[in-house]
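Summary of structural features
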Amino acid sequence: MTNLSRFDFSVVRTLRLKRGLTADQLARKAGLTRATIIKLEGGYGNPTLDTIESLSLVFNLSSSELLRLAEVAQCEQGTVKTFKEEGRNVSHTWFPDFEIYHIQAEKGVRGMSEPERHENTAEVCKVLSGKIKVYLAGQVHELAPGMAIRFKALQEHRFDIIEAAEFLLIHHK
């Protein structure tokens, strides 16, 4: 028997309420008893795979997505490294499958893509202050505070700082 103690299915209540359903309505739609719903929402019970699948269908999720939502939260601490490069102060926070670069750069600094740092990830660039130009696949995007773009990190790209800027580069799967 699988130990589901690392899961907390009380998330079912949150999903139910977001969809405006009562426990009775959810039970009917999923083909389950109200008692099963109440047990799960209370953080009790050991749902079968069939129960997980039935609930997933109602919530328009895959079974694995529902399991991921029910996983007991485990906090990860990122590895942080700060460094200075020509006209840039960089704080790099790394988690498995997720990285954040917090960059403060002077006007005139140019940053080139480094394909060796990228796998099959997406990159998000969000400007906090100043202005930057992003050159990507033959296009030029000028970003001002509050603006963001996302693209495949493996694409060749570069950043030109046109006004002293603070921005985030986020790499994620």
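Computed from a predicted model, the values in this text were never measured in an experiment.

Focus: the overall build of the protein
- Along the backbone of the protein there are 5 helices and 8 strands.
- In the protein, the order of α-helices and β-strands from amino to carboxyl end is α-α-α-α-α-β-β-β-β-β-β-β-β.
- Taken over C-alpha atoms, the radius of gyration comes to 23 Å for the protein, far larger than the 16 Å a tight globule of 173 residues would show.
- With respect to the principal axes defined by its C-alpha atoms, the protein has extents near 65 × 30 × 25 Å.

A word on the environment of Ala144
- Checked against the element boundaries, Ala144 lands in the loop between strand 6 (139-143) and strand 7 (148-152).
- Spatially, the C-alpha atom of Ala144 lies 49 Å from that of Asp24, the residues being 120 residues apart in sequence.

Remarks on the packing of helix 2 (residues 23-30) against helix 4 (residues 49-58)
- Where helix 2 meets helix 4, the axes come as close as 9 Å, and the angle between the chain directions of the two elements is 110°. The angle between the axes of helix 2 and helix 4 places the two elements in the roughly perpendicular class. In this structure, helix 2 contributes Leu26, Lys29 and Ala30 to the contact, and helix 4 contributes Ser54, Leu55 and Val58.
- Of the residues assigned to the contact of helix 2 with helix 4, the class counts are 4 nonpolar, 1 polar and 1 charged.

So, the environment of Ala148
- On the secondary structure map, Ala148 appears in strand 7.
- With relative accessibility at 46%, the residue Ala148 sits in the partly exposed group.
- As a C-alpha pair, Ala148 and Glu65 span 83 residues in sequence and 27 Å in three-dimensional space.
- Look past the residues within four positions of Ala148 in its chain and what remains in contact with it is Cys125 and Lys126.

Focus: the packing of aromatic side chains
- Summed over all chains, the structure comprises 3 aromatic pairs.
- Relative to Phe98, the ring of Phe95 lies with its centre 6.3 Å away and its plane at 55°, an arrangement referred to as tilted.

About the criteria used
- Residues numbered from 1 in each chain as written.
- Predicted model: local features only at pLDDT ≥ 70, side-chain atom pairs only at ≥ 80, totals over all residues.
- Heavy atoms only, no water.
- Helix = DSSP H or I, 4+ residues; strand = E, 2+ residues; numbered from the N terminus.
- Rg over C-alpha atoms; globule rule 2.2 N^0.38 Å.
- Axes fitted to C-alpha atoms, helices over the stretch in contact; angles between N-to-C directions.
- Parallel < 35°, antiparallel > 145°, perpendicular 65-115°, else oblique.
- Contact = heavy atoms within 4.5 Å.
- Nonpolar A, V, L, I, M, F, W, Y, C, P; charged D, E, K, R; others polar.
- Buried < 20%, exposed > 50% of the residue type's maximum accessible area, 1.4 Å probe, protein only.
- Phe/Tyr/Trp six-rings, centres within 6.5 Å; stacked < 30°, edge-to-face > 60°.

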